[in-house]
Structures are given as C-alpha cells and as structure tokens.
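Residue strings, one per chain:
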Amino acid sequence: MKRDRHHLQTNPDPSTVGSSSVCGGSTTGKAKMWEEEAAQQDCGMDELLVVLGYKVKTSDMAEVAQKLEQLEEVMCNVQDDGISHLASETVHYNPSDLSTWLESMLSELNPPSTFDPVVAVGTTAAAATLDDSFLGPAESSTLTTLDFDNNNQKHQKRGQQIFEEASCSDYDLKAIPGQAIYSQKTQSKTQDSWSSSTQNNVKSEKRLKSTSGSHSDIFPPAASYGILVESTRPVVLVDSQENGIRLVHALIACAEAVQLNNFNLAEALVKQIGFLASSQAGAMRKVATYFAEALARRIYRLYPQNPLDHSLSDALHMHFYETCPYLKFAHFTANQAILEAFEGKKRVHVIDFSMNQGMQWPALMQALALRAGGPPAFRLTGIGHPSNDNSDYLQEVGWKLAQLAETIHVEFEYRGFVANSLADLDASMLDVRQSEVEAVAVNSVFELHKLLARPGAIDKVLSVVKQMKPEIVTIVEQEANHNGPTFLDRFTESLHYYSTLFDSLEGSVSSHDKVMSEVYLGKQVCNVVACEGMDRVERHETLTQWRNRLDSAGFALVHLGSNAFKQASMLLALFAGGDGYGVEENNGCLMLGWQNRPLISTSAWKLANKTSIAH
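This one's a predicted model, so the numbers in the text were calculated from it and none came from an experiment.

Before going further, it helps to spend a moment on the overall build of the protein. When helices and strands are counted, the protein shows 23 helices and eleven strands. Within the protein, buried positions represent 53% of all 615 residues. The contacts in the protein between residues at least 6 apart in sequence include a share of 79% that link residues at least 24 apart. For the protein, the accessible surface area stands at approximately 27,200 Å², while carbon and sulfur atoms represent 52% of it.

Looking now at the side chain of Asn-243. Topologically, Asn-243 is positioned in helix 12 (residues 240-259). Side chain to side chain, Asn-243 and Ser-279 meet in a polar contact 3.2 Å long.

Once that is clear, we can look at the nonpolar core. The biggest cluster of nonpolar side chains holds 89 residues, and the ones touching the most others in it are Leu-295, Tyr-326 and Phe-378. Examining the composition of this core, we find that nine residues originate from one element, helix 20 (residues 487-505), more than from any other. Not counting residues within four places of it along the chain, the set of residues in contact with Phe-378 comprises Val-348, Val-350, Leu-364, Met-365, Leu-368, Val-410, Glu-411, Phe-412 and Glu-413. Judged by nonpolar contacts, the second largest core, of 34 residues, contains Phe-353, Ala-423, Leu-452 and Ala-457.

Relative to the helices and strands, Arg-379 is located in strand 4 (residues 377-384). When the C-alpha positions of Arg-379 and Val-350 are compared, they lie 6.4 Å apart, and in sequence the two are 29 residues distant. In this structure Arg-379 touches Val-348, His-349, Val-350, Glu-413, Leu-430, Asp-431, Val-432, Arg-433 and Glu-438, once residues within four positions along its chain are discounted. At 3.1 Å, the side chain of Arg-379 forms a polar contact with the side chain of His-349.

Right, let's get into the pattern of salt bridges. Summed over the entire model, instances satisfying the criterion amount to 17 salt bridges. A salt bridge links Asp-431 to Arg-433, with the shortest nitrogen-to-oxygen separation between them at 3.8 Å. Of the residues examined, Asp-431 reaches a relative accessible area of 34% and is grouped as partly exposed. Classification of Arg-433 by relative accessible area gives partly exposed; the value is 28%. The salt bridge involving Arg-536 is made with Glu-532; its shortest N-O contact spans 3.3 Å. Under the relative-accessibility criterion, Arg-536 is labelled buried at 4%. Among the residues examined, Glu-532 registers a relative accessible area of 32% and is labelled partly exposed.

Inspection of every chain in the model, using the stated rule, returns ten aromatic pairs. Their ring planes at 35° and their centres at 6.0 Å tell us that Phe-378 and Phe-412 sit as a pair that is tilted. Residue Phe-378 is located in strand 4, and its partner Phe-412 is located in strand 5 (residues 412-418); the two are separated by 34 residues in the primary sequence. Each member of the pair Phe-378 and Phe-412 is classed as buried. For the ring pair Tyr-497 and Tyr-498, a centre distance of 5.1 Å and an interplane angle of 90° mean the geometry is edge-to-face. Here Tyr-497 and Tyr-498 have matching classes, each one buried. Of the aromatic side chains, those joined through ring pairs into one cluster are Phe-320, Tyr-326, Tyr-520, Tyr-581 and Trp-594. Over the ring of Phe-487 we find Arg-298; its NZ or CZ atom is 4.2 Å from the centre of that ring. Directly above the aromatic system of Trp-546 lies the positively charged group of Arg-549, at a separation of 4.7 Å from the ring centroid.

Another aspect to go through is unusual backbone geometry. The residue His-409 is not glycine, and still its phi comes out positive at about 65°. Note that His-409 resides in the loop between helix 18 (393-408) and strand 5. Classification of His-409 by relative accessible area gives exposed; the value is 65%. One non-glycine residue, Phe-446, lies in positive phi territory at about 55°. Here Phe-446 lies in the loop between strand 6 (439-445) and helix 19 (457-468). Overall, Phe-446 belongs to the buried group, its relative accessible area being 10%.

At a minimum axis separation of 9 Å, helix 14 (residues 282-300) and helix 20 run at an interaxial angle of 150°. Judged by the twist between their axes, the crossing of helix 14 over helix 20 is right-handed. Every residue of helix 20 that contacts helix 14 at Ala-283, Lys-286, Val-287, Tyr-290, Phe-291, Leu-295 and Arg-298 is listed here: Phe-487, Phe-491, Ser-494, Leu-495, Tyr-498, Ser-499, Phe-502 and Asp-503. Partitioned by chemical class, the residues of the contact of helix 14 with helix 20 number ten nonpolar, two polar and three charged.

What follows concerns the pairing of strand 3 (residues 347-352). Most of strand 3 sits out of view: five of its six residues are buried. As defined by bridge partners, strand 3 adjoins strand 4 across six bridges and the pair is classed as parallel. Among the inter-strand pairings, Val-348 is bridged to a residue of strand 4, identified as Phe-378. Since strand 3 and strand 4 lie parallel, the crossover through helix 17 (residues 361-369) that links them has a hand, and here it is right-handed.

Attention now moves to the environment of Leu-260. With respect to the helices and strands, Leu-260 occurs in the loop between helix 12 and helix 13 (263-278). On a C-alpha basis, the gap between Leu-260 and Leu-488 in space is 9.7 Å, while along the polypeptide they are 228 residues apart.

Moving on, we get to the confidence of the model for the protein. When pLDDT is averaged along the protein, the result is 74, and 60% of the positions lie at 70 or above. Contacts for the low-pLDDT stretch residues 37-42, under 50 throughout, to residues beyond four places or in other chains number six contacts. When the criterion is pLDDT under 50, residues 611-615 qualifies, and its contacts beyond four places in sequence or with other chains add up to 13 contacts.

Attention shifts here to the side chain of Gln-336. With respect to the helices, strands and loops of the structure, Gln-336 is situated in helix 16 (residues 326-341). In this structure, Gln-336 is in contact with Asn-563, Ala-564 and Gln-567, ignoring residues within four places of it in sequence.

Looking now at the environment of Ala-315. Here Ala-315 is to be found in helix 15 (residues 310-323). You can call Ala-315 partly exposed: its relative accessible area is 27%. A sequence separation of 202 residues divides Ala-315 from Ser-517, and the C-alpha atoms of the two residues are 9.5 Å apart.

Criteria and cut-off values
Going along each chain's sequence as written, the residues are numbered from 1 onward. pLDDT decides what is reported in this predicted model: residues at 70 or higher carry local features, side-chain atom pairs at 80 or more are listed and counted, and totals for whole chains, interfaces and linings draw on all residues regardless. Only hydrogens and water are set aside; all other atoms, that is, all heavy atoms of the structure, feed into the side-chain values. Going along the chain from the N terminus, every DSSP run of H or I of four or more residues is numbered as a helix, and every run of E of two or more is numbered as a strand. Think of it in three bands: residues with accessible area under 20% of the maximum for their type are buried, residues over 50% are exposed, and the middle band is partly exposed, with areas taken using a 1.4 Å probe on protein chains only. Should any heavy atoms of two residues lie within 4.5 Å, those residues are considered in contact. To measure how exposed things are, a 1.4 Å probe is used in the Shrake-Rupley method; for residues, cover is taken only from the protein chains shown. Between N or O atoms, a polar contact is any pair within 3.5 Å; within protein, one atom must be a potential hydrogen donor and the other a potential acceptor, and residues adjacent in sequence are included only when both atoms are from side chains. By convention a nonpolar core is built from buried Ala, Val, Leu, Ile, Met, Phe, Trp, Tyr and Cys residues, the set being connected through side-chain atoms within 4.5 Å. What makes a salt bridge here is a side-chain nitrogen of Lys or Arg within 4 Å of a carboxyl oxygen of Asp or Glu, nothing more. Working definition: a ring pair exists when centres of Phe, Tyr or Trp rings (six-membered ring for Trp) sit within 6.5 Å. Plane angles under 30 degrees give stacked, over 60 give edge-to-face, the rest tilted. Placement of a charge over a ring requires the Lys NZ or Arg CZ to be within 6 Å of the ring centre, with the centre-to-atom vector within 35 degrees of the ring normal. Axis definition: a line fit to C-alpha positions, over the contact stretch in the case of helices; interaxial angles, taken between N-to-C directions, run 0 to 180 degrees. Left-handed describes a crossing in which the near helix is turned anticlockwise from the far one by less than a right angle; the clockwise case is right-handed. Note on residue categories: nonpolar means Ala, Val, Leu, Ile, Met, Phe, Trp, Tyr, Cys or Pro, charged means Asp, Glu, Lys or Arg, and polar means any other residue, Gly included. Being paired, for any two strands, means DSSP has found at least two bridges between them. Crossovers are described as right-handed under a simple rule: with the strands pointing away from the observer, the path leading from the first strand over the helix to the second runs clockwise. Confidence per residue, as judged by the predictor, is encoded in pLDDT with a range of 0 to 100.

Printed below as a string of structure tokens:
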C-alpha cells in the first residue's frame, strides 16, 4: 500500500480522477499496461502486494486506489476522541482480499455523500511526500501506514460519530509505538517527548503517535488525550507477530541502554515494552511483563526486598513442584544415584543442602524399605534458610518424615540446621561419623549457584564436603549461564531461558498452580535482572562450568547409568504424556529440557580416589 502512495499524483482534471490516479502517463496508458500484466499472470494478482499478503487483481488496482482515497478522506475528517478512540481500542484485521475489505470498511464507516475526488487526490499526493526512511527492514508481512490530515473541519461532528460506530465493529485497529518503525535521526527526540508526555498524562496514555507535520494542525490540545506533543512518528498498524518481534528487540535494546547507563533511553523503552507486551498472549506476554518489571526496578533502583516470607516461598516452591516435572526429575535422578551408592550399606546418612519441605525423601525412604535384606538405618540432616516468622519449619518436616518412617518400618534419625548460607557450615557441626560406620551422601538441588555471590564461598563448601568423605554427591542445577560479567549477555541468556520455562508451563492442568509457578520463576527473573553484588544470588551456570569447578576441587564424575535414564523417561511419560519434555544424556549426566532446550541437569560426584561407575 505504501508503494501505491508514492505513485499517486494530483490530476488537475477531475473527470479522470474517478477512474484512476495518474502515474507518469495517461489513465488510458496505465489501464492498458495493467491489462497486459494481468494477461501474463496466471492468477492476475499484483506481485508486490501478494508479497505483502494482499490479494489484489491488477485489473482492480484502479478501483482499489479509489477506495483507498475514499477511506482516507473519511479518516481525515475524524476529530477529537474519534482518532484517540480508534488508536487505543482497535487492531488491524489484515484481510487477504483487500478490495472486499475496503468496500466493507467504507460501507461501515458510511462516508459523506459530498466526497470530492479532487480533494482526495490532493490529500494523497501530500501524503506521498512522507519520508520512507521510517519503515526500515520489514519484519512482518503486514505493514500499513495511515496519515491523518485535518483539512476538512466541516465534517468534525460526523467523523466523531463514524468512529464511535466503527469502534464497536469487528475491525479492531491499534497503533503500536516502537523504534523499529522510524528512522534513527528521530529516535532520540521522539523518546524524549514520549517520556515527557507520559509523566504529564499517566492516567490517559494512548498508544497513538502523531503523523509528520505540526501537531496543532492535526489534533486538538494533546493534554486531554495523552498524545505526544512533540512526536513526529507516523501511525503504524502492525500484526501481533511483528509486535512480538519488536517486543524482543525492545527488551534487548532496554538492557543495552541499562548497561550503558543511558537511563533516559532505558526508561522510555521499558514503557514501550509494557505497551507491546499488552498486545501479546500466553507465555510471551508473561515473560515480557516480568522482565519489564525487573528492568524498571533496576532503572529506578527499586530493588526487591530480601528475603521472601518463608511461608510464601514454600508455597511457591510447592506449586512449582506440582505444576511441572523439573523438581520431580531432580529428586528422582538424585535419589536413584544415592540409592545405588548405598547398596549393601547398613547405616546411611544423607546431608541435604536444600531441605525445604523435604519432598525428596519419602520416595527414597520407601525404596530403602523395599531393599532386599531389609532397610538400613537412615539418618537425615536437613539444612534450610531461616524463616521470617521464627517458626521451626525444619522440625515440622522432621516430624512428618519420622511418622512415615515408623509406618514403613525404617529406623530413622533426623536433625535440622538453619543457616543463612551454606558457607557458614562446618563439617564438625554435622556430626559426620566414620565411613566404616555409615555411608554419607550429600545432596544439593538448586542451591550451589547461590554461593557464587560470595567470593570464596563455593570453594569453602566444597572443602567441607570433602572432609565428610561422602560416598556420593548429587548436584542439580539450572542449565544456563546467568553469571557472566556482562549485564547484556546475562539478560539475553536469561530471556531465552525463562521464555522456554514459561512456555513449558502453558500445558498445566491447574491454572492456580500455573500462576503460582509463574510467580516463583518471576522472582528469579527479578533477581537475575534487577540485583547486583551480594543481592544477586541467582547466578546459574552450565553443567560444563560446574564440571570444571568440581574437577578442580578434587571430585570425579560418577556416570548416571542407563537405568536412571530409562526411569526418568518413564517419569516424564506419566507427566502430561511427556509431550514437549525430553531427557538427554550428556557425558554421564542427565538433562531435562523443553522442546530440545536443556533446562536443568543432574550430576553425581565422588572424591577422586573413590571413582566408580553406576549401573
């Protein structure tokens, strides 16, 4: 449609305007050329418009051009709330049959009978002088521009009535702002004006951006509508797919502005992200909203409060456990490795760095109870974070596990430790007995990465673990690199990672569990993006990085056998049919992913002088 605008010229002869617009020659010559082109094409469609997704016969080009002029004339007459209403409450329908769509729009809008084709052509010619530079590279097959000109005041009341009717129609038009559709030379000025206008018009923000030209000539005073006073940006109607692309670009651009400490630009972009996110649905909208909130907190230095109320944290953790198979997979694979390491042992001791509600251990206790030759004596040491309400939740977990142990006839001993950090622990505190007396296993699920916020903390903890002389150490961590030195790299990686995680939640049966799980992940997003220094504890690293670190610390990898792989695959099959989820073996470790993207990894380790292979 933009291509056609540049070929329309004002014809001084009104009698010729009704049939077609002149393009470097006579009307008759142009019509003849269209007829020849139509005869050469099998389908008779205009090639350039077909590329843009519109089906327009070349023989109908003159009629379509006239209808466009009529539709533009109607829109030019709209005043006051008519335009604001159109911009904020409608979305482009993107018809494949452009001619029929134009006819229906004209019929619905019911233009005045006093339509003057000469005036319409003059308006079109003026619009054709717009600079093409704002379009930039095409990101979608649908891109339409509408240029409004307030050159006909006599239809003001009629135009307002027309658009009040149109807003109730099936055609929902929305103008979406964005830097991807205007030239770089106007970007800075437009963003500054956007920021200024938003501060003065918070309650009446609209998504409409004014066209090229004087704002006062086009709109009434902008203060009553929240429309940008200094913006020269044209109204652009785009489809949802293009909005999604622009949303990602805006998120990355905002993160880059934050990295460069250009907070004025970052502030403008984070507002734009909110507009773009509202046009999306499903996981994309939710992810963008959480990342926008995190960026806003970083920009305005509104850092999240630490820590979360313990009861809320436990509730979120439980809902995440129920919603998706990630924690179940973590517990199952770690338990399988521990069970094999305890084979033939009479007394066993598990030290859990991630006790939480103790959901991992009932399954292991039942497996030990069914062991040939009878169950071993089972000792459990649980380490957890302090609660805000000073409740002894670890003791409550211990009582529940003790009741289960009594039911299944397993000798059970339990101790709970509260620690602000695992680095505060010492081996002597845990009452570790000689290896001849009991076999020790150390378990950590999503905990070790938090130590990377404190210099030397991870080295100290690994040293303490070595002093315990464990039979096995099981580690489950996120398969992502959110601990790089560059903020933009961390942001980009986390955006891809959490987009995949949120997408995997969409198939959840329970909407309540899903919402709470999204809050659980949203808290992590906020920490990764908004926080720095000691407060940024979600410092996830990849399996390769953990392997290098543990190798250097004197640990050797224990290969998780084919049995664990098969049973993990069976577990996924029981969970929503396993559609979309996949288990992958990686050099003796197991990974769980969504749509071929690994998201968490389980690895097992022993002291280097105790290396063995699990079966």
